[in-house]
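Here is how the chains run, residue by residue.
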Amino acid sequence: MKNVSLKILEKHLTSGELIAGKEISIGIDQTLTQDSTGTMVYLQLEAMKIQRVKTQKSVAYIDHNTLQTGFENADDHKYIQTVASKHGIYFSKPGNGICHQVHLERFGKPGFTLLGSDSHTPTCGALGMLAIGAGGLDVAVAMAGGSYNLIMPEIINVKLNGKLKPWVTAKDIILELLRILTVKGGVGKIIEYSGSGVETLSIPERATITNMGAELGATTSVFPSDEITLTFLKKQKRENDWSELKADIGASYSKTIEINLDDLEPLAAKPHSPDNVDKVKNIGKIKVDQVAIGSCTNSSFTDMMKVAAILKNKTIAPSVSLVIAPGSKQVLTMLAKNGALADMISSGARILESACGPCIGMGQSPASDAVSLRTFNRNFEGRSGTKSAQVYLVSPETAAVSAITGCLTDPHEFGAEIKIEIPDEFEINDNLIISPAEDGLKVEVVRGENIKPFPLNKELSKNIEGKILIKLGDNITTDDIMPSNAKLLPFRSNVPYLSEFCLTPCDADFPKKAKENGGGFIIGGINYGQGSSREHAALVLLQLGVKGVIAKSFARIHSDNLVNSGIIPMVFENAGDYDKINLNNSIEIENIIEQIKNKNKILIKNKTKNLLFTALINLSERQKEIIIAGGLLNSVKNKK
Ligand code: MIC
Ligand code: SF4
């Protein structure tokens, strides 16, 4: 009696036992990268001296850094295009769309594995694929033919019963789950969907749900592959990629959560966290300044058609700025051909290119204190580029109706339900996906001057010591650790420059302090490092000499990124010790190598207070080796 996740894992297992909590390795069929994590990935791949990738399909997307306010982005695009061509990787040009939307349309396959250097890679779980987000180095290793190592997650079941009422959407399902489980509720878990409600959801709707599983902290989310999956793939002229994949009757899960779709109402995540969820009608008719529709969560053809139907023959409220970014060239072309784009434009919408755009703060920052309704997946404070902005996450329907009324509005008020006819065939034109060169040796990789070498750690020394440079609270995001916005995103290939902004949203002097003290330690609360897969959030700490982070708990990808950089993630054994340690305290860990090798616990001395406390090292033997070697690349070199 196996569930879907187990069936895929069994087929791909290369080492370990499928027992929750134990480290396993799995083979990776496909990889994806995007440009803001991609330059690092390909620099690391080059360092591995691999001629051609070993995966079945690897795709390099350009979707994050598309503003090109200087030469930096354009140089990075050239680097990625040439390095991809050289090593056997498909290149999705800027304009082709957001990596997760395009991968869902053109490449995802039921029963296969996908590893991506972006935390929303699980989007393709909508097709019955095991799709996992990871740090760039792990993705580079997978391209080079190595397995991906992870702690075997618990597999939990979310049983969807019934059918959504009119105006209630897939976004409301995942917001409800976020309300139930919170942003840390999915850590160490795969979320597998089942129940009669699954059959009522299209692939783009399922993709909205698997996409935002990342906000739960889940390793991934997965739906079965059924007739609906086949219909979607047929429309994409990819029926040959389909295979049926269902859980056996009576398949077991470590836990089941039931959601009755009929009971749901339009929901919104209030500032500043995706789990701060309430009913739209409870929040009330707050005045709205900006509405932004798009992102990898809600930018499918159906989402856009619903928005266009709401906006048709209407004008948006005078005080609202409405921006719309269709998720892919396929979607945008179809909207252009069927006239829906004209309906959007004439209502007053500003059409953005098919890219991440405002979701990662690349333009469209709201005004001071503005209320912004977004169909995106993250509303962390400051992510929009405006610290005082109040960002709410809502469905496309709620967003479009509110753009007309000028205040947060339950879409029921619009009137009769909108039904969208989905054409039998989607617009298929892969002319912006460039195949790799047949002979990679002939391709010259173009490296712009923005591309700086990434920092490398040194072997762990016998004893380590340093000051507590910062003490943080719960749920610190990677946007806090390494902010991303229109000014910083162009420097993703320049870690020394980026390090000047490390943790500055929490303490403007952090980089200075870290440098003055020759590095040190960070104290964190629960779910430290939630959010993005960006390994820059670890690399900038390495650049500044940070040796370790002691927190109450960690988010999965960030913790792996710390290990890969040779920075030690340590978990307070007694959460109460968090209260006893203060900023500027000096700590010392003696015989750290022996301690790591022999136990899963280490003794730490707070020299300032003359106190001893213990921290857990939740690391596999492989990860311990990496930490001792001073990071993954050093550990790989040692083995050669
Ligand atoms: C995000 O949504 O935060 C990003 C930008 O897509 C990141 C990747 C990055 O930081 O480059 C993610 O989710 O992994
Ligand atoms: Fe792009 Fe936003 Fe999706 Fe990240 S969450 S991949 S920034 S659209």
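Residue indices follow the written sequence of each chain, beginning from 1 at its first position. As they are written, the chains are lettered A onward and the ligands numbered 1 onward, keeping that order. The predicted origin of the model limits local features to residues at a pLDDT of at least 70 and limits the giving and counting of side-chain atom pairs to 80 or more, whereas totals for whole chains, interfaces and linings rest on all residues. Think of the side-chain values as coming from all heavy atoms in the structure, minus any hydrogens and water.

Colleague: Can you break down the packing of helix α2 (residues 35–47) against helix α5 (residues 136–143) residue by residue, with the values?
Modeller: Relative to each other, α2 and α5 sit at 45 degrees, their axes nearing to 8 Å. As the angle between them shows, α2 and α5 are arranged oblique. Seen along the crossing, α2 lies across α5 with a hand that is right-handed. Facing α2, whose interface residues are Val41, Tyr42, Gln44 and Leu45, α5 presents Gly136, Leu137, Val139, Ala140 and Met143. In terms of residue class, the contact of α2 with α5 is made up of seven nonpolar, two polar and no charged. Axis lines are fitted to C-alpha atoms, over the contacting stretch for helices. Their N-to-C directions set the angle, which ranges from 0 to 180 degrees. Each helix is a run of H or I in the DSSP string that is no shorter than four residues. Each strand is a run of E no shorter than two, and both are numbered from the N terminus. Note that the term roughly parallel is reserved for angles under 35 degrees, roughly antiparallel for angles over 145, roughly perpendicular for angles of 65 to 115, and oblique for everything else. Helix crossings are classified by the rotation of the near helix relative to the far one: an anticlockwise turn of less than a right angle makes the crossing left-handed, while a clockwise turn makes it right-handed. Residue contacts follow a heavy-atom distance rule, with two residues in contact if any of their heavy atoms lie within 4.5 Å. In this classification, Asp, Glu, Lys and Arg are treated as charged, Ala, Val, Leu, Ile, Met, Phe, Trp, Tyr, Cys and Pro as nonpolar, and every other residue, Gly included, as polar.

Colleague: Can you tell me about the site of ligand 1, naming the residues and giving the values?
Modeller: In these notes, residues near a molecule or strand are those with any non-hydrogen atom within 4 Å of it. Every one of the 14 residues lining ligand 1 counts as a neighbour, but Ser36, Asp118, Ser119, Ser533 and Arg534 are closest to it. Pairs of N or O atoms within 3.5 Å make up the polar contacts considered here, provided that, within protein, one atom can donate a hydrogen while the other can accept it, and that residues adjacent in sequence are counted only when both atoms are side-chain atoms. The contact in question runs from an oxygen atom of ligand 1 to an N or O atom on the side chain of Asp118, over 2.7 Å. Between ligand 1 and the protein, one listed contact pairs an oxygen atom with a backbone N or O atom of Ser533 at 2.7 Å. Relative to its unbound accessible area of 340 Å², ligand 1 is 97% covered by the protein chains. Counted by class, the shell around ligand 1 contains one nonpolar, eight polar and five charged residues. Surface accessibility follows the Shrake-Rupley procedure with a 1.4 Å probe radius. Residue values consider only the protein chains on display as shielding.

Colleague: Give me the site of ligand 2: which residues, what numbers.
Modeller: Taken together, His64, His100, Asp118, His120, Ser295, Cys296, Cys356, Cys359, Ile360, Asn377 and Arg383 make up the full set of residues adjacent to ligand 2. Taken together, the residues that form the shell around ligand 2 break down as four nonpolar, five polar and two charged.

Colleague: Account for helix α8 (residues 227–235), with residues named and values stated.
Modeller: The buried label goes to any residue with under 20% of its type's maximum accessible area, the exposed label to any with over 50%, and the partly exposed label to all in between, with areas taken from a 1.4 Å probe on protein chains only. All buried positions along α8 are accounted for by Thr229, Leu230, Phe232, Leu233 and Lys235. The N-capping residue of α8, defined by a side-chain oxygen 3.1 Å from the backbone nitrogen of Ile228, is Asp226.

Colleague: Describe the side chain of Asp138, listing the residues and the values that go with them.
Modeller: Mapped onto the secondary structure, Asp138 falls in helix α5. Those residues in contact with Asp138 that sit more than four places away from it in its chain are Leu115, Tyr148, Asp560, Asn564 and Leu632.

Colleague: Describe in detail the packing of aromatic side chains, supporting the description with residues and values.
Modeller: Aromatic pairing here means that ring centres of Phe, Tyr or Trp (its six-membered ring) are within 6.5 Å. Orientation follows from the plane angle: under 30 degrees is stacked, over 60 is edge-to-face, and everything else is tilted. Considering all chains together, one arrives at nine aromatic pairs under this definition. Cluster of aromatic residues (ring-pair linked, three or more members): Phe232, Phe301 and Phe426. We call a charge positioned over a ring when the NZ of a Lys or the CZ of an Arg lies within 6 Å of the ring centre and within 35 degrees of the ring normal. In this structure, Lys57 packs its charged tip against the face of Tyr90, placed 4.2 Å from the ring centre. Directly above the ring of Tyr578 sits Lys471, whose terminal nitrogen or CZ lies 4.4 Å from the centroid.

Colleague: Tell me about the sheet that holds strand β22 (residues 520–523), and please be specific about residues and values.
Modeller: Between any two strands, pairing holds if DSSP finds at least two bridges. Taken in spatial order, the seven strands of this closed barrel run β21-β22-β23-β24-β27-β26-β25, and their pairing is mixed. Between one strand and the next, the sheet's axes are offset by a mean angle of 40 degrees, whatever the strand orientation.

Colleague: Could you give me a rundown of the side chain of Ser221, with the residues and numbers involved?
Modeller: With respect to the helices and strands, Ser221 occurs in strand β11 (residues 220–222). Ser221 has contacts with Pro122, Gly125, Ile191, Tyr193, Thr210 and Gly213, leaving out every residue within four places of it along the chain.

Colleague: Residue-level account of the pairing of strand β3 (residues 30–33), with values.
Modeller: Because side chains alternate across β3, one face comprises the buried residues Gln30 and Leu32, and the other comprises Thr31 and Thr33, equally buried. In this sheet, strand β4 (residues 57–61) lies alongside β3 in parallel orientation, the contact comprising four bridges. Each residue of the ladder has a partner; that of Thr33, found in β4, is Ala60. Whether a crossover is right-handed comes down to one check: with the strands pointing away from the viewer, does the path from the first strand over the helix to the second run clockwise; if it does, it is right-handed. In terms of handedness, the path from β3 via α2 over to β4 forms a crossover that is right-handed.

Colleague: Go over the pattern of salt bridges with me, naming the residues and quoting the values.
Modeller: Within this document, salt bridges are pairs made up of a side-chain nitrogen of Lys or Arg and a carboxyl oxygen of Asp or Glu, the two lying within 4 Å of each other. By the definition in use, this model includes 31 salt bridges. Across the pair Glu46 and Arg447 runs a salt bridge, and its minimum N-O distance is 2.7 Å. One end of the pair, Glu46, is in helix α2; the other, Arg447, is in the loop between β20 (433–434) and β21 (464–471), with 401 residues separating them in the sequence. Here Arg447 falls in the partly exposed class, since its relative accessible area comes to 46%. Between Glu500 and Lys515 there is a salt bridge, with its nearest N and O atoms 2.8 Å apart. Of this pair, Glu500 sits in the loop between α15 (495–498) and α16 (510–516) while Lys515 is found in helix α16, placing the two residues 15 residues apart along the sequence. With a relative accessible area of 39%, Glu500 lands in the partly exposed category. A single network of salt bridges, built from pairs that share partners, joins Glu265, Lys279 and Lys281.

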